[in-house]
Structures are given as structure tokens and as C-alpha cells.
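Fold and geometry: a report
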Amino acid sequence: MSVFISGANGFIAQHIVDLLLKEDYKVIGSARSQEKADDLMKAFGNNPNFSMEIVPDISKLDAFDSVFQKYGKDIKIVLHTASPFCFDITDNERDLLIPALNGVKGILNSIKKYAADSVDRVVLTSSFAAMFDISKESDKSATFNEESWNPATWENCQVDAVNAYCGSKKFAEEAAWKFLEENRNVVKFQLTAINPVYVFGPQMFDKDVKRHLNTSCEFVNNLIHLSPEDKIPEFYGGYIDVRDVAKAHLVAFQKNETIGQRLIISEGRCTMQDILDVLNDDFPVLKGKIPVGKPKTGATYNTLGATLDNTKTKKLLGFKFRNLKETIDDTASQILKSEGKL
Ligand code: NDP
């Protein structure tokens, strides 16, 4: 019995692979190139329970056919994490919307074609971006919860890359629930969506700490490399530690109570000021080198906008998430160590 994880070399996925291997699952991952696949297998010590397949582009609707043709009967669990998460793009449809949507449609159709009787559970890495309404983010009277949907349309989400990314996650998740509704009698799998807010935390392997990190960790990396007089970037959003997001993916398929649920993985809301407060308090090496801003004016101390209510998710998952201090401390210390500053 194997677990298949798409985009296994991604920031979040590497932590999922780590937990799966620690729990003795047989894991088949996908990456876009042989080089990325080989690097990842090597990083996991060429663990005999871990193998990789190449899926070059999830925009192609038959991208996963060869994987499920080859292993279909052995795969019981599918974790679909692959999806573009980047704002530095030139074409909203080509670079974000189509790969996100076709990735979901493609993998579910491949299961239908080759593993309808064997795959029991599918966990889709969706996002809180699929749930919240950007226009209500600063509205203190608004509340988002597990029932919420981003109201974006394919057309109106294309005003910029951030909106297009949020749209891409909405259309992809929507397609998954629709697929299941339409194929209830053909496939046997049950679906759970994981909807994380911004994910911080250490890279799985120190070697992957580069000058530029994955989109969410780059928020923290960027702050560490600002000068005291630099403008503090604007940001207000939820935060969660990557190790908790990874764990949530496992609990999502291990428990029956999570079947059919959308799980908001969030510990709280923060601004760049909250992150700067942790960096300035906990890293003497950064004293006088990064902005201080106005300490204690961030979202930790004030209600700055809409409320995120994930009480239901926390109850279903049944484990405690790491707080902002721990996740920022671990993100920053890995970066500072890699630069020889700690
Ligand atoms: P990463 O960029 O580290 O991982 C994304 C993965 O998807 C990589 O393996 C990437 O391959 C793969 N991928 C992207 N586009 C394609 C494509 N066209 N064809 C094949 N593979 C592709 O991001 P994260 O780990 O942060 O994100 C993983 C998932 O979590 C995504 O679905 C994202 O939307 C979701 N998410 C992330 C959050 C965060 O804050 N990090 C918050 C909420 C949800 P390659 O490495 O080759 O580019």
C-alpha cells in the first residue's frame, strides 16, 4: 500500500514526505524533473520506502496517467500538493489558473481511469485563499470559516497575480468537490481539503536555504534582509507552521471524521510588525540591522480586520499548532545559520 504525493519536492510537501516515512508509509512522489527527483531521494537518504516519478507539467490533463497506470492498484492515499504558488508571473491563466485547475482535474481523472477501486482517500492541498474574500479582509465585522468561499470569478480574479492565485485555488478546490459529486458511483475515494493560511517555518533540509525562498517563507527572509530605514511591507494574513500543515495532511486521511471536510490550518493572524517584533526580540544579531517599526501594534495585539474562525478544524484535527514565536524563531534561525550569522 502506497501514498502518492504530487509536487513532493515543494516546501510543504517535503515535510509531509518526512512524516510519512517516519510513520513507515511507502511513498511515491512526483517532481517536474529527474534532477529534482534525484535530489529529493538523496536528501531522504535514498530511503527504500521512497521513490519518485516525473510529472513535467500538471497543466496537461493526462499528466498523471502514467503514474496511475504504473502504480494505480498499489496507491491507497493520494495527496495532491502540486500547484503554482508564485506572484512573479507573466500570464495569469498559463502560469496560475490552468495548472491549478487542470492539475486537480487531471489527477482525479487518472485515479478514475486507473485506480478507481484502490484509492481510498484523496487529500487536496487547497488554501485559505480559496475561502476568503479579499475585499472583506479589513472588514472587522466579517468572519471566515470552513463554509466560506472566495467569490472570485475566472475573469475578475485576473486583476493581479495575488488575486489570480486566490482564484486558482478556489477553482481547483471547487473542481475537486464537483468531480466527486459527479463520480460518486465510479470512484471509491473520499475527499478532504486542507486550506492553510500563509505557511512559515524551516525548510525541511538546511541545504535548501537559498538567498530567495519559496513564496511564503520569502516574507520572513525579506524582513531579515531589510535595512532599518526600509519601508515595512504591508501584510495582514493568517500564519501557520509548515510542520503543522504537514501533520494535518496525515491526520486528514487517517481519521474518518475529516472525510468531506475543508480544514483551515491557521494558528492566528499577523502583520509584518508582529514578525518584526519576534525577530527584534529574539535575535540580538539583528539588533539595529532591520526595521523596528512600532512594536506591539500588529495583529497579535489588535483586531485589524476580518475574523478567521477555525474552531471546527482544530477540534477535528485534535492537535495544537505552533505559535508565531516558534515558527518565526525556527524560520529565522535556519536562515541566519546558513549565512553564518548564528
Ligand atoms: P512550492 O512552490 O514549494 O511547491 C509547489 C509544488 O508544485 C512544487 O513541487 C512545484 O514544482 C509544483 N508545481 C507548480 N507548478 C507546477 C506545474 N505546472 N507542473 C508540475 N508541478 C508544478 O509551494 P508550497 O510548498 O508553499 O505550496 C504547496 C501547496 O500548498 C500548493 O498547492 C499551494 O497552493 C498550497 N499552499 C501554500 C501556502 C503557503 O503559504 N506556502 C498556503 C496555502 C496553500 P517545482 O518545484 O518544480 O516548481
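Structure first, text after, so check above.
Given the structure is predicted, the values throughout are model-derived calculations rather than measurements.

Surrounding the ligand, one finds 26 residues, the nearest of these being Asn9, Lys36, Tyr165, Lys169 and Val199. Here an oxygen atom of the ligand and a side-chain polar atom of Asn9 are 2.8 Å apart. Within the backbone of Ile58, an N or O atom sits 3.0 Å from a nitrogen atom of the ligand. If the ligand stood free it would expose 890 Å²; the protein chains cover 89% of that surface. For the shell around the ligand, the secondary structure elements donating two or more residues are helix 1 (11-22), helix 5 (161-183) and strand 8 (198-200). Classifying every residue of the shell around the ligand by side-chain character gives 13 nonpolar, 9 polar and 4 charged.

Relative to the 33 Å expected for 23 residues at 1.5 Å per residue, helix 5 spans 32 Å between its end C-alpha atoms, a close match to the ideal helical length. Counting buried positions along helix 5 yields 17 of 23 residues, so the element is predominantly enclosed. Residue Asp160 occupies the N-cap position of helix 5, its side-chain oxygen lying 3.3 Å from the main-chain nitrogen of Val162.

Our next topic: the pattern of salt bridges. Throughout the structure, instances matching the rule amount to 20 salt bridges. Here Lys26 and Asp74 are joined by a salt bridge, their closest N and O atoms 3.9 Å apart. Of this pair, Lys26 sits in strand 2 (residues 26-31) while Asp74 sits in the loop between helix 3 (65-71) and strand 4 (75-80), and the two are 48 residues apart along the sequence. Take Lys26: its relative accessible area is 41%, and that puts it in the partly exposed class. In this structure Asp74 comes out as partly exposed when scored by relative accessible area, which is 26%.

So, about the packing of helix 6 (residues 215-224) against helix 8 (residues 272-282). Two elements in contact, helix 6 and helix 8, have axes separated by 11 Å at closest approach and are oriented at 60°. Here helix 8 runs oblique to helix 6, going by the angle between their axes. Between helix 6 and helix 8 lies a crossing of right-handed hand. For the pair helix 6 and helix 8, contact is made by Phe219, Leu223 and Ile224 and by Met272, Ile275, Leu276 and Leu279, respectively.

It is worth spelling out the pairing of strand 3 (residues 50-54) at this point. Pairing geometry for strand 2 and strand 3, over 5 bridges, is parallel. Across the sheet, residue Val27 finds its bridge partner in strand 3, namely Phe50. At this point the chain moves from strand 2, through helix 2 (residues 34-43), to the parallel strand 3, and the crossover so formed is right-handed.

In a soluble, globular protein the nonpolar side chains are often hidden away together inside. Formed by 81 residues in total, the largest nonpolar core has its most connected members in Leu20, Phe50, Leu79, Ile265 and Leu279. Per-element tally for this core: the top contributor is helix 7 (residues 242-254), with 8 residues. If we skip the residues at most four places from it in the chain, Leu279 touches Leu223, Ile224, Leu286, Ile290, Ile328 and Ala332. Listed in part, the 37 residues of the second largest apolar core include Tyr71, Ile75, Phe171 and Ala193.

Criteria and cut-off values
- Sequence order sets the numbering: in each chain, residues are counted from 1 along the sequence as written.
- In view of the model being predicted, local features appear only for residues whose pLDDT reaches at least 70, and side-chain atom pairs are presented and counted only at 80 or more, with totals across whole chains, interfaces and linings using the full set of residues.
- With hydrogens and water stripped out, all remaining heavy atoms of the structure feed into the side-chain values.
- Residues are classed as near a molecule or strand on a simple rule: at least one heavy atom within 4 Å of it.
- Whenever two N or O atoms come within 3.5 Å, that pair is a polar contact, provided that in protein one can donate a hydrogen and the other can accept it, and provided that, for residues adjacent in sequence, both atoms are side-chain atoms.
- Where accessible areas are quoted, they stem from the Shrake-Rupley method and a 1.4 Å probe; at the residue level, only the protein chains shown are allowed to cover.
- Labels follow the DSSP assignment, with helices taken as runs of H or I lasting at least four residues and strands as runs of E lasting at least two, numbered in each case from the N terminus.
- Residues were grouped as follows: Ala, Val, Leu, Ile, Met, Phe, Trp, Tyr, Cys and Pro as nonpolar; Asp, Glu, Lys and Arg as charged; and all remaining residues, including Gly, as polar.
- Here the expected length of a helix is defined as 1.5 Å per residue gap, with one fewer gap than residues.
- Buried residues are those whose accessible area, probed at 1.4 Å on protein chains only, stays under 20% of the maximum for their type, while exposed residues exceed 50% and partly exposed ones sit between those limits.
- We define a salt bridge as a contact between a side-chain nitrogen of Lys or Arg and a carboxyl oxygen of Asp or Glu at a distance within 4 Å.
- Angles here are taken between N-to-C directions and fall from 0 to 180 degrees, while the axes themselves are lines fitted to C-alpha atoms, restricted in helices to the stretch in contact.
- Working definition: roughly parallel below 35 degrees, roughly antiparallel above 145 degrees, roughly perpendicular at 65 to 115 degrees, and oblique for all remaining angles.
- Each crossing gets its hand from how the near helix is turned against the far one by less than a right angle, where anticlockwise is left-handed and clockwise is right-handed.
- Every residue pair with non-hydrogen atoms within 4.5 Å of one another is taken to be in contact.
- Only strands joined by at least two bridges in the DSSP assignment are considered to pair.
- Handedness rule for crossovers: strands pointing away from the viewer, path from the first strand over the helix to the second running clockwise, crossover right-handed.
- The criterion is simple. A nonpolar core is a set of buried Ala, Val, Leu, Ile, Met, Phe, Trp, Tyr and Cys residues joined through side-chain atoms within 4.5 Å.

So yeah, pure geometry; function would need other evidence.
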